[in-house]
Amino acid sequence: MKCKLVVVSIIMFLVLPVLSVQAEEANEAQIEEPHYYNKLNEWQEAGLDRIAPYEQSIPPSAFIDGGENILPAEESNEYGDSVFYWHNQNAATLEVEVEEAGLYELSIDYSPQGDSIIPVEGAIQVNGEYQYEESRRIVFPTFWQNQTDQFETDRSGNEMIPEQVKVPDWKQMKIEDSQYLYKGPLRFHLEEGENTITLNNLRGEMLIGNVEISSFQLDRTYEEYREMHQEATIQEEMIIHESEQLLEKNNSYIRPVSTSDPSVHPYDNDMLHLNTLGGESWDTPGQAVSWDIEVENAGLYQLSFKALQEKESSSPVYRTLLINDEVPFEEMEAYSFPYSKSWYQETLSNPDGEPYLFYLEEGTNKITLQANAYPHAQALFTIDEVMQEIEELSLSIRKLTGNQEGERDWEIDEYLPGIDEELMAWTERLEEEMEHLHSLNGGEETTEISSLKIAIDKLTTLANKPDEIPNRLTELSTGSNSVAQFLGDIRSELQSQPLLLDQMYVHGEEELPAVEASWWVKVQDAVYSFFRSFTEENLATSDVADDTLEVWVNRPRQYVEVLQNMADQNFTPETGIEVKFSLMPDEQKLVLASAADTQPDLAIGVSNWIPYELAIRGSAVDLRQFDDFASVGKQFSPGAFLPMIVEDSVYALPETQDFFVQFYRKDIMDELNLPIPNTWDDVTEILPELQRYGLNYYTPLAEESAFKAFQTTSPFIYQFGGDIFQENGFGSTIDEDNALEGIQFMSDLSTIYSMPLQVPRFYNHFRYATLPIGIAPFGTYVELTTAAPEISGWWDITPHPGIENEEGEVERWAAGSGQAGMIFNGSDQTEEAWELLKWWMSTETQVEYGSTLQTLYGPEYMWNTANLEAFKESPLPEEHKDVILEQWEYLHEVPKTPYAYMVEREISNAWNRSVFDGDNVRASVDDSVILINREMRRKMEEFGYMQNGKEVEPYPVPTIEKVERWLEEDEE
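Residues numbered from 1 in each chain as written. Predicted model: local features only at pLDDT ≥ 70, side-chain atom pairs only at ≥ 80, totals over all residues. Heavy atoms only, no water.

Engineer: Can you lay out the overall build of the chain for me, pointing to particular residues and giving the numbers?
Structural biologist: Helix and strand counts for the chain stand at 25 helices and 42 strands. Its C-alpha atoms give the chain a radius of gyration of 31 Å, within 12% of the compact-globule value 30 Å for 972 residues. Along the longest, intermediate and shortest principal axes, the C-alpha atoms of the chain span 100 × 75 × 60 Å. When the 972 residues of the chain are sorted by exposure, 59% land in the buried category. (Helix = DSSP H or I, 4+ residues; strand = E, 2+ residues; numbered from the N terminus. Rg over C-alpha atoms; globule rule 2.2 N^0.38 Å. Buried < 20%, exposed > 50% of the residue type's maximum accessible area, 1.4 Å probe, protein only.)

Engineer: Can you tell me about the sheet that holds strand S28 (residues 548–553), naming the residues and giving the values?
Structural biologist: Strand order in the open sheet formed by five strands is S29-S28-S30-S40-S33, and the pairing between neighbours is mixed. The open sheet terminates on both sides in strands that have one partner only, identified here as strand S29 (578–583) and strand S33 (653–654). For S28 and S29, the ladder comprises six bridges, and the chain directions are parallel. Bridge pairing links threonine 548 to glutamate 578 in S29. Relative to S29, helix H9 (residues 557–575) is tilted by about 180 degrees, and along the sheet it contacts S28, S29 and strand S30 (602–607). Contacting S28, S29, S30, S33 and strand S40 (819–823), helix H19 (residues 830–841) crosses the sheet at an angle of about 155 degrees to S40. (Pairing = 2+ DSSP bridges. Contact = heavy atoms within 4.5 Å. Axes fitted to C-alpha atoms, helices over the stretch in contact; angles between N-to-C directions.)

Engineer: Give a detailed account of the packing of helix H5 (residues 447–464) against helix H7 (residues 483–495), specifying residues and quantitative values.
Structural biologist: The interhelical angle for the contact between H5 and H7, taken along N-to-C directions, is 160 degrees, at an axis separation of 9 Å. When the axes of H5 and H7 are compared, the pair comes out roughly antiparallel. Classified by chirality, the crossing of H7 by H5 is left-handed. The segment H5 lies against H7, with Glu448, Ser451, Leu452, Ile454, Ala455, Lys458 and Leu459 engaging Val483, Phe486, Leu487, Ile490, Glu493 and Leu494. Here the contact of H5 with H7 is built from residues that sort into nine nonpolar, one polar and three charged. (Parallel < 35°, antiparallel > 145°, perpendicular 65-115°, else oblique. Left-handed = near helix turned anticlockwise from the far one by under 90°. Nonpolar A, V, L, I, M, F, W, Y, C, P; charged D, E, K, R; others polar.)

Engineer: Just give me the short version of the pattern of salt bridges, but keep the residues and values in it.
Structural biologist: Taken as a whole, this structure holds 33 salt bridges when the rule is applied. Of the charged contacts, one joins lysine 39 and glutamate 42 as a salt bridge, the two residues approaching to 3.4 Å between their closest N and O atoms. Highlighted residues: lysine 39 and glutamate 42, both in helix H1 (residues 36–45), separated by three residues, approximately one helical turn. Residue class for glutamate 42 comes out partly exposed when judged on its relative accessible area of 44%. Arginine 50 serves as the salt-bridge partner of aspartate 49, at 4.0 Å between the closest nitrogen and oxygen. Residues joined by salt bridges that share partners form a network here, namely Lys171, Glu248, Asp325 and Lys366. (Salt bridge = Lys/Arg side-chain N within 4 Å of Asp/Glu carboxyl O.)

Engineer: Help me get a handle on the sheet that holds strand S6 (residues 91–98), residues and values and all.
Structural biologist: Hydrogen bonds between backbone atoms are what pair the strands of a sheet, whose relative direction is either parallel or antiparallel. With antiparallel pairing, the four strands of this open sheet are ordered in space as S6-S14-S8-S9. Unpaired on one side and paired on the other, S6 and strand S9 (138–140) mark the two borders of the sheet. Taking each pair of neighbouring strands and ignoring which way they run, the sheet shows an average axis angle of 30 degrees.

Engineer: Break down the pairing of strand S36 (residues 773–776) for me, with residues and values.
Structural biologist: The alternating pattern of S36 places Ile773 and Ile775 and Gly774 and Ala776 on opposite faces, both of which are buried. Pairing geometry for strand S34 (residues 661–665) and S36, over four bridges, is antiparallel. Within S36, the position partnered with tyrosine 664 by the bridge is isoleucine 773. Here strand S35 (residues 697–698) pairs with S36 via two bridges, running parallel. When the sheet's bridge partners are listed, tyrosine 697 is paired in S36 with isoleucine 773.

Engineer: A description of the packing of helix H16 (residues 737–751) against helix H23 (residues 900–917) should follow, citing residues and the corresponding values.
Structural biologist: Two elements in contact, H16 and H23, have axes whose closest approach is 9 Å; the angle formed by their N-to-C orientations is 35 degrees. As for the relative orientation of H16 and H23, their crossing is right-handed in sense. Judged by residue contacts, Met746, Ser747, Ser750 and Thr751 of H16 engage Ile907, Trp911, Ser914 and Val915 from H23. In terms of residue class, the contact of H16 with H23 is made up of four nonpolar, four polar and no charged.

Engineer: Please provide a residue-by-residue account of a nonpolar patch on the surface, values included.
Structural biologist: Together, Trp519, Trp520, Val523 and Val527 make up an exposed nonpolar region whose accessible area comes to about 460 Å². As for its placement among the helices and strands, tryptophan 519 is situated in helix H8 (residues 519–532). (Patch = residues over 30% accessible without salt bridge, like charges linked within 9 Å, V, L, I, M, F, W, Y side chains within 5 Å. Areas by Shrake-Rupley, 256 points an atom, 1.4 Å probe, with all protein chains shown as cover.)

Engineer: Tell me about the nonpolar core, residues and numbers included.
Structural biologist: A general feature of soluble globular proteins is that nonpolar side chains tend to end up buried together. Counting residues in each nonpolar core, the largest one holds 76 residues, and the members touching the most others are Phe140, Ile175, Ile213 and Leu487. Looking at this core, the element that brings in the most residues is helix H3 (residues 377–401), giving 10 residues. Once residues within four sequence positions are removed from consideration, phenylalanine 140 is found in contact with Trp86, Ile108, Tyr110, Pro119, Val120, Gly122, Met173, Ile175 and Met206. Residues Leu695, Ala900, Val921 and Met936 belong to the second largest nonpolar core, which totals 73 residues. (Core = buried A, V, L, I, M, F, W, Y, C linked by side-chain atoms within 4.5 Å.)

Engineer: Which residues make up unusual backbone geometry, and what values go with them?
Structural biologist: At the junction of histidine 265 and proline 266, the peptide bond is cis and its omega measures out at -5 degrees in the coordinates. Of note, proline 266 is situated in the loop between strand S18 (256–257) and strand S19 (276–279).

Engineer: Give me the lowdown on a negative patch on the surface, citing residues and values where you can.
Structural biologist: On the surface, a cluster of negative charge is made up of Asp546, Asp547, Glu578, Asp627, Asp828, Glu831 and Glu832. By secondary structure assignment, the location of aspartate 547 is in the loop between H8 and S28. (Lys, Arg positive; Asp, Glu negative; His and termini not counted. Charge placed at Lys NZ, Arg CZ, Asp CG, Glu CD.)

Engineer: Got a sec to walk through the environment of histidine 507? Specific residues and values, please.
Structural biologist: For histidine 507, the location among the structural elements is in strand S27 (residues 499–507). With relative accessibility at 2%, the residue histidine 507 sits in the buried group. Once you skip the residues sitting within four places of it in the chain, histidine 507 turns out to touch Gln235, Glu237, Met238, Tyr301, Gln302, Leu303, Ser304, Thr347 and Leu512.

Engineer: Can you lay out the packing of aromatic side chains for me, pointing to particular residues and giving the numbers?
Structural biologist: For the coordinates displayed, the defined rule picks out 47 aromatic pairs. Judged by centre distance (6.4 Å) and plane angle (75 degrees), the ring pair of phenylalanine 663 and phenylalanine 766 falls under edge-to-face. Residue phenylalanine 663 is located in strand S34, and its partner phenylalanine 766 is located in helix H17 (residues 762–767); the two are separated by 103 residues in the primary sequence. No difference in accessibility class separates phenylalanine 663 from phenylalanine 766, as the two residues are buried. Here a set of aromatic residues connected by ring pairs shows up, and it is made of Phe659, Phe663, Tyr698, Phe762, Phe766, Phe778, Tyr781, Trp795, Phe871 and Trp888. Residue placement shows arginine 319 over the ring face of tryptophan 282; its charged tip is 4.3 Å from the ring centre. (Phe/Tyr/Trp six-rings, centres within 6.5 Å; stacked < 30°, edge-to-face > 60°. Lys NZ or Arg CZ within 6 Å of the ring centre and 35° of its normal.)

Given below as structure tokens:
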């Protein structure tokens, strides 16, 4: 009989896998906190929701041990009373005394502080405990508005998204689930008498005003709402409001969209209007938009919205309606907007099609729509539970089979009795949720329903042949088409709630304007647009005026649009230099353009190896020729320049910079009582305990590709004191003792220490806690920050593990491959190009660019600038910036040589032969060096550094010390 060690989990809905161990190992078992819906059912069955009306407001001055965090009224951001400064993971604790045990709601007055666009997050304990999982993460949104009501236009006359500014007003929020999957606010159980409520800060900073505790009140029905306003009369006024003209929103990146369709308003086929709002930028539960509507007379009105809802899965989306910050009646908690490929007008109505009437005060009324996934909540809960149980079962099977998958026959019921019944129980639960989703969509088939059918069929097939499950585990949990993968995709789709709006109508019984433009107008517009496409200004590469700098950019359109607008508004007025930025879909086009002498003046956003390939062929400008190169170059990590150097010349500036740091799950590591590794010795010491519970440590060596690039292999060589190239550039040093030691250790990680050989995606394994610690780059940081809210606050980063040298310093050398900016030798405006490159790479420009991207498009557009001072001002948590900057002190890119690709390939081959074929590392590397030297001679002769196998011209390999010396000497 097996026991299960359940690690304390803070995941809101994607619950951590259960760690299975034998009975004698289960001495540290803990019970995880229940989900809110389970706890709420328990409380309601006990009658705790039936209490007398109660309300109490507690000011910050009454908080326990507020100390220096209590700020006086003059520092309260016009709150008018003392406030609590909530930051740096501190806590605000208050006492409340209630006469009756029961369920209570919490409201908090708050004002976000700081420049971060990421919402402030916290957690709530009652009497020293988290009462349910959802109380471990509470989000306090920041509100935003357009800086101007009028949209400015760019150089082509197209409207631009205005700058976003924070609304400085204080807000009051009833504590809600961070995933917005529950109807109404969260409730907390308070005992009769004194209770303590603790607000723990997880991320961000804000001021806290009064905290209000109140009893739960039932929502009123529409009939009760009409009864409240039975004296009000129906008004005949017709108000049409453009959706893009909003009052405020609780995400800066809910943005207006330019929709090229004559059916929307305003529309002009000569220019792009920002004429609709939302779409994919308004698809996350909890995102809210508010408008101010002015009515002449108080009374009852209908509300209608011109909408386009073409979600790929064909399922409906939901919105909560609030009027003057209050849900008018319960039918507005989650109103359905159906799927449609064309525009339609949705008058808010009951299921029989009878319009609801809403009471509006005379004057200004605030109307809010908030994205909501509440109708999908039960399906999401079930999917989460089944995914958790699949992970538990898979872990048990992996512990049973070890590495014998596919190698033997099993009678699985002897080891895991009832496994077939367990799988069939999952199918029954999923079938119930499939029927529920069918009813929500009026019986229509959606992608989510189709995927659920496939998952159910797979489970049924496995349940019918349980003895095959150990050899078909990829179909259950680990493969790209596994049941777990299907359920994860369904979960994402059910949470997605995109909606595009054109206009809002506040009206009586008048007929609404036509939805679609006439067919004749559409034909005229299509013909006009076709001929205009031959002459319109766009971001495609094209001929530019002789006095205009032409810049090719290897980035998506929105990045280039922001850059062009910044240059038009700042750089050109200051310098008089005109600039045209163009999209470059494929950076290989640079090599072809250079060969054909059709290259631009500059290129930015290119991989850091591209400038070298062009420079060694005489197509790039040496930036050291400019007098102020040193002062510009000191803005970057010296190690980032190494791939951009040929001999004593520098041919590009680092633009973005990656980082490889150690990610770890705080909850898992704390539960297992494991220290966070600082060195590789520390890593190998914790591996047995991790593996004992079916867990492991991840390194980028486990990426799916068989080819191991320099960024995954070079850290081991450099950390062990080795090098890759001879100082004179004519040969490799990977066969020397220190480098060999690093390569041997790389192999040992898999062959001796049993680290994973292939991991499809570390982000997923980290999120679901099967790999609770490992090394990963910037992309993983962005994903965890923006796409894994359920574990927010429960993971952290430290610098890359390293090797302790004789002086006791831990050497953490690692790559940080990013993108670069360069000037072409064919440009006749090199001085102007240098001015643009300096402006673009400057601290001020990089800070503004990074802030603008995230404000307009969301946290996932985090800008990893290579400018160190600009990075210090980026909207990341300070503790994370400190870790990344510390790691960047050990940034060591691999220098380029004409034959570097062969060295990279042969290090990878040596590792593969050692790990998969069992070859001796030294012998394998010796074989590789023979091949490397043969290719070295060929390439060095091609570029004139050797002739007939002899050196004719030196090829000095750059070092970090040499770059640092250049920057000092050039500045002098």
